[in-house]
Amino acid sequence: MQGIAILGSTGSIGKQALEVISLHPDRFFVTALTAHRNAALLFEQVRIFRPKMAALTGEEAVVPADLSFCQFYFGPSALEKVAAEAEGTDVLAAVVGVAGLKAVLAARRAGKRVLLANKETLVAGGEMVMDVCREDENGPTLLPVDSEHSAIFQCLQGAGPNRYDKILLTASGGPFRTWERARMLKATVEEALGHPTWNMGAKITVDSASMFNKALEIIEAKWLFDAVPSQIQVVIHPQSIVHSAVQFKDGAVIAQMGNPDMKVPILYAMSYPERLYTGTKELDLFALGSLTFEAPNLKKFPSIRMAYDALYAGGAAACVLNAANEEAAGAFLGQKIPFGSIYHVVEAALQHCGHLPARDFEDIERADALAREAARKAMAGQLK
Ligand code: NDP
Ligand code: MG
């Protein structure tokens, strides 16, 4: 039996992880669950999956008497405690934002295998995270859950000593792919939340609309697959059937396909290298008929360019990009800034922060705080 702790169990990824665990009760058991504020759903999940530990990171709550078999912890530090101390081998990092970074580091220090959905962690603390996530005698210690990165990881299975030439990172293009730029800059929250192919949490859905999600994924790919920026090509593929592809030096391109369903990459990370039943809809190529691909529009979506710039700049630039985007996406969701301002806020924060080092956790924390402050100033009109 494989024990899995789920950080962020009340979210979109967390709930789907519990669904696939329910399909394989003879293989997996839940060791811990965490939520931020949704105590009601967390209690319900604890009642069903009976973990020994649980955490509510955003507030305190009175635990129902029938859940006395489970030890509850409260507050932000509870996330690290659960990540390090839950029994079992695996920790699924499915919280949103850089809030997951300390917990991922704590999980690895405790010798856990990390299944990573929480891409912001890798974007902000890439070098530090990869340093503690080297392969060990049991294989990889960090398994990607993000669908594109799971696809790339799958395409690289069996590649042996052959390095790839290029990563073809696919993107649906989001809800504004066909919109005029001027119209997109004024899009409402409701319009931004209408993703054409994936049903996800609010923050990543806004990121998909601004294409900051793809920007984060370029940086995520750099760290996971040790790529240089010129080896990562974004490919717009509106049907979201090809989840990404890898090109090798002999010209062969291997792609991973399937209907858009996060249960597939979530379960693959859990069961790797085995494949288990997910219950996903079978891919019907005849019904699809055709798949299309186009180049990204970097003028309309400057987020993609900012990701490459941040990678070339090095230091804590990616951490600044991530933190400023978290602030801007949050402000847009709270209807405090227009959609188009997300780009200005991130760009202004990057320029304002300049070169910052990323040698250790304190550097990352400092860069994250400076970027958030710069983003807030930019939103208040106090930065150009
Ligand atoms: P959701 O917003 O749906 O869920 C987030 C989860 O994290 C919830 O359990 C939430 O608790 C908890 N949480 C929120 N804020 C904090 C915090 N500050 N500290 C600790 N826990 C917190 O997000 P998603 O499931 O969509 O995404 C999770 C991660 O996975 C993100 O990094 C995203 O980029 C990545 N990802 C998601 C995909 C998807 O299809 N959804 C696809 C690929 C990657 P509560 O419910 O109490 O608020
Ligand atoms: Mg993705």
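Look a little higher up for the structure.
Student: Can you help me understand the pattern of salt bridges in this one?
Tutor: Applying the stated criterion across every chain, the model contains 24 salt bridges. Measuring nitrogen to oxygen at the nearest pair gives 3.0 Å for the salt bridge that ties aspartate 309 to arginine 305. Highlighted residues: aspartate 309 and arginine 305, both in helix H13 (residues 302-313), separated by four residues, approximately one helical turn. Three or more residues are tied together by salt bridges with common partners; here these are Lys119, Asp146, Glu148, Lys214 and Glu217.

Student: Help me understand the environment of glycine 334, please; the structure alone is not making it clear to me.
Tutor: With respect to the secondary-structure elements, glycine 334 resides in the loop between helix H14 (317-333) and helix H15 (341-353). On the basis of relative accessible area, glycine 334 is assigned to the partly exposed category, the value being 40%.

Student: Before we go on, may I ask you to explain the coordination of the magnesium ion (ligand 2) in this structure?
Tutor: Ideal values differ by geometry: the angle at a metal is 109.5 degrees with four tetrahedral donors, but 90 or 180 degrees with six octahedral donors. Surrounding the magnesium ion (ligand 2) are the protein donor atoms Asp146 (OD), Glu148 (OE) and Glu217 (OE), which sit 2.0 to 2.2 Å from the metal. For the magnesium ion (ligand 2), the single-chain donor residues occur in sequence as D-x1-E-x68-E. Separated by 71 residues along the polypeptide, aspartate 146 in the loop between strand S7 (142-144) and helix H6 (147-155) and glutamate 217 in helix H10 (residues 212-224) bring together distant segments of the chain. Taken individually, aspartate 146 and glutamate 217 each receive the classification buried, so the pair is uniform in this respect.

Student: Sorry, what's going on with the site of ligand 1 here?
Tutor: Close contacts around ligand 1 come from 24 residues, with Thr10, His36, Arg37, Asn38 and Glu120 the closest. At 2.7 Å from an oxygen atom of ligand 1 is found a main-chain nitrogen or oxygen belonging to arginine 37. The backbone of glycine 201 places a nitrogen or oxygen atom 2.9 Å from an oxygen atom of ligand 1. Burial of ligand 1 by the surrounding chains reaches 85%, relative to a free accessible area of 900 Å². The set of elements that each furnish at least two residues to the shell around ligand 1 consists of helix H1 (12-23) and helix H5 (119-131).

Student: Explain the pairing of strand S10 (residues 242-248) to me, please; I cannot follow it from the model alone.
Tutor: For a regular strand, side chains alternate in direction, first toward one face of the sheet and then toward the other. With six of seven residues buried, S10 lies mostly within the body of the structure. The pairing of S10 with strand S11 (residues 253-257) spans five bridges and is classified as antiparallel. Along S11, the bridge assignment pairs valine 242 with methionine 257. Linking S10 to S11, which pair antiparallel, is a turn of four residues; within it glycine 251 sits at a positive phi near 95 degrees.

Student: It is not clear to me how the layout of surface pockets should be interpreted in this structure. Could you clarify?
Tutor: Think of a ball as big as a water molecule: rolled over the atoms, this probe shows where empty space is left. As a volume, the second largest pocket reaches approximately 660 Å³. Around the second largest pocket sit 23 residues that line it, and Met130, Glu135, Trp223, Leu224 and Phe225 are the ones nearest its centre. The set of elements that each furnish at least two residues to the lining of the second largest pocket consists of S7 and H10. For the lining of the second largest pocket, the element with the most residues is H10, which contributes three residues. A breakdown of the residues in the lining of the second largest pocket according to their chemical character gives 14 nonpolar, four polar and five charged.

Student: Teacher, can you tell me more about the sheet that holds strand S8 (residues 164-171) here?
Tutor: Hydrogen bonds between backbone atoms are what pair the strands of a sheet, whose relative direction is either parallel or antiparallel. Here we have four strands laid out as an open sheet, ordered S9-S8-S10-S11, and mixed in their pairing. The strands lining the two open edges of the sheet, one partner per strand, are strand S9 (232-236) and S11. Looking at each pair of strands side by side, their axes are set apart by 20 degrees on average, direction ignored. One ladder, built from five bridges, connects S8 with S9; its direction is parallel.

Student: What is the right way to look at the packing of aromatic side chains in this model?
Tutor: To describe a pair of aromatic rings, you give the distance between the ring centres and the angle between the ring planes. On inspection of all chains with the given rule, the structure shows nine aromatic pairs. Ring geometry for phenylalanine 43 versus phenylalanine 72: centroids 5.5 Å apart, planes at 70 degrees, classification edge-to-face. Of this pair, phenylalanine 43 sits in helix H2 (residues 39-49) while phenylalanine 72 sits in strand S4 (residues 71-74), and the two are 29 residues apart along the sequence. Here phenylalanine 43 and phenylalanine 72 have matching classes, each one buried. An angle of 50 degrees between the planes, with centres 4.6 Å apart, marks the rings of phenylalanine 176 and tryptophan 179 as tilted.

Basis of the calculations
- Residues numbered from 1 in each chain as written.
- Chains lettered and ligands numbered in written order.
- Predicted model: local features only at pLDDT ≥ 70, side-chain atom pairs only at ≥ 80, totals over all residues.
- Heavy atoms only, no water.
- Salt bridge = Lys/Arg side-chain N within 4 Å of Asp/Glu carboxyl O.
- Helix = DSSP H or I, 4+ residues; strand = E, 2+ residues; numbered from the N terminus.
- Buried < 20%, exposed > 50% of the residue type's maximum accessible area, 1.4 Å probe, protein only.
- Donors = N, O, S within 2.8 Å, 3.2 Å for Na, K, Ca; no water.
- Near = heavy atom within 4 Å.
- Polar contact = N/O pair within 3.5 Å; in protein donor to acceptor, adjacent residues only side chain to side chain.
- Areas by Shrake-Rupley, 256 points an atom, 1.4 Å probe, with all protein chains shown as cover.
- Pairing = 2+ DSSP bridges.
- 1 Å grid on protein atoms, 1.4 Å probe; cavity = no way out; pocket = protein on both sides within 12 Å on 5 of 7 lines; lining within 4 Å.
- Points joined across faces, edges and corners; volume = space filled by probe spheres on them.
- Nonpolar A, V, L, I, M, F, W, Y, C, P; charged D, E, K, R; others polar.
- Axes fitted to C-alpha atoms, helices over the stretch in contact; angles between N-to-C directions.
- Phe/Tyr/Trp six-rings, centres within 6.5 Å; stacked < 30°, edge-to-face > 60°.

Read these as geometric descriptors, not functional statements.
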